[in-house]
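Summary of the model geometry
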Amino acid sequence: MSIEPESSKLGTKQHWDDVYKLELENFDDNGDEGEVWFGEESVEKMVDWVVEHIPSSEPSTILEVGSGNGTLLFALLEAGYNAATLSGIDYSADAVKLATNIASTRNADEIHFSACDFLNDNPPLLPHMDQSSLLACWDLLLDKGTYDAIALGGKDEQGRSPAYQYPQRAARLLKDGGFFLITSCNFTEDELKASFVTPDTGFIYHSRIKHRSFSFGGVSGSVVSTVAFKKVAPTKK
């Protein structure tokens, strides 16, 4: 069982609204696209995983939860993925504006960015997707730091951060056989497995991405963890 981090301003919408308001102003003023969360190496490793397991030749739909300035989705576009199959959501309206403005400079206007509160709203579908259901319709969900930020939100009366809702929210959006790829700096691989591999989600562990490790006190670890889960269909009785 994972130990949730203490609440922090990084878990508040106001913090991220302030961050992206400034980054939007900086982009408009001098073209600075903003911070790459977890660095370029993490982006490259996630893209490499997607290329290996969900080739761009397949007509897959990809949703990034908490897309920020769009760095990861732009990297997928550069790797050969069709912009019309890529979507990013963020609960900060200025993050969506920033990503959209950057997209216009990268010939990436077909990537769909929208404001959405992942824990409370269903992400909008891409135009070519079956509009009859908002659930079980994505092939791949991506998260690079969003679960971390949500886990820093205020605790409820039972001492839970809002992140307790996240695994089931993610699972319900994926098709059977779909993948969820997450990079975290606040949770270890084992803690992510404990939170996401449950009877309620239908997730099973699929694979991990190796990051540079460090050793301290005889114990080895990584600054970040990236884990892939696969959603399996429930067993028919």
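Placed above this text is the structure.
How each quantity is defined
Residues numbered from 1 in each chain as written. Predicted model: local features only at pLDDT ≥ 70, side-chain atom pairs only at ≥ 80, totals over all residues. Heavy atoms only, no water. Buried < 20%, exposed > 50% of the residue type's maximum accessible area, 1.4 Å probe, protein only. Helix = DSSP H or I, 4+ residues; strand = E, 2+ residues; numbered from the N terminus. Pairing = 2+ DSSP bridges. Disulfide = S-S within 2.5 Å. Contact = heavy atoms within 4.5 Å. Core = buried A, V, L, I, M, F, W, Y, C linked by side-chain atoms within 4.5 Å. Salt bridge = Lys/Arg side-chain N within 4 Å of Asp/Glu carboxyl O. Axes fitted to C-alpha atoms, helices over the stretch in contact; angles between N-to-C directions.

1. Things to note about the pairing of strand S5 (residues 174–184)
Remember that side chains alternate between the two faces of the sheet whenever the strand is regular. Of all 11 residues making up S5, 8 are buried, and the element is well covered by its neighbours. Where strand S4 (residues 138–144) and S5 come together, 6 bridges link them in parallel fashion. Counterpart to Lys-144 in the pairing with S5 is Thr-183.

2. Describing the state of the cysteines
Two cysteines whose sulfur atoms are joined by a covalent bond form what is called a disulfide. Taken as a whole and assessed by the stated rule, the structure comprises 0 disulfides. Not part of a disulfide, Cys-137 finds its nearest cysteine sulfur in Cys-116, a span of 12 Å.

3. So, the side chain of Ser-42
With respect to the helices, strands and loops of the structure, Ser-42 is situated in helix H2 (residues 39–53). Note on Ser-42: relative accessible area 4%, which makes it buried. Filtering out sequence-adjacent residues up to four positions away, Ser-42 remains in contact with His-211 and Val-224.

4. Observations regarding the nonpolar core
Among the nonpolar cores identified, the biggest contains 35 residues, and Val-50, Leu-76, Leu-140, Leu-142 and Leu-181 are the most heavily contacted of them. Secondary structure elements with two or more residues in this core: helix H1 (13–30), H2, helix H3 (71–78), helix H4 (93–105), S4 and S5. The element best represented in this core is H4, accounting for 6 residues. Residues contacting Leu-140, with those up to four places away along its chain left out, are Trp-49, Val-50, Ile-54, Thr-61, Ile-62, Leu-63, Leu-174, Phe-179 and Leu-181. Residues Val-65, Cys-137, Leu-174 and Phe-187 belong to the second largest nonpolar core, which totals 29 residues.

5. Considerations on the pattern of salt bridges
Throughout the structure, instances matching the rule amount to 9 salt bridges. Between Lys-13 and Asp-17 there is a salt bridge, and its shortest N-O distance comes to 2.9 Å. Here the residue Lys-13 and the residue Asp-17 both occupy positions in helix H1, the gap between them amounting to 4 residues, near one helical turn. The exposure class of Lys-13 is partly exposed, given its relative accessible area of 39%. Through salt bridges with shared partners, a single ionic network connects Glu-33, Glu-78 and Arg-106.

6. Some words on the sheet that holds strand S1 (residues 62–65)
On the basis of which strands lie adjacent, the open sheet formed by 7 strands has the order S3-S2-S1-S4-S5-S9-S6 and mixed pairing. Each end of this open sheet is capped by a strand with a single partner; those strands are strand S3 (112–115) and strand S6 (203–209). Strand after strand, the sheet turns through a mean of 20° between neighbouring axes, direction not considered. This element, helix H6 (residues 166–173), spans S1, S4, S5, S6 and strand S9 (225–231) of the sheet and lies at about 140° to S5.

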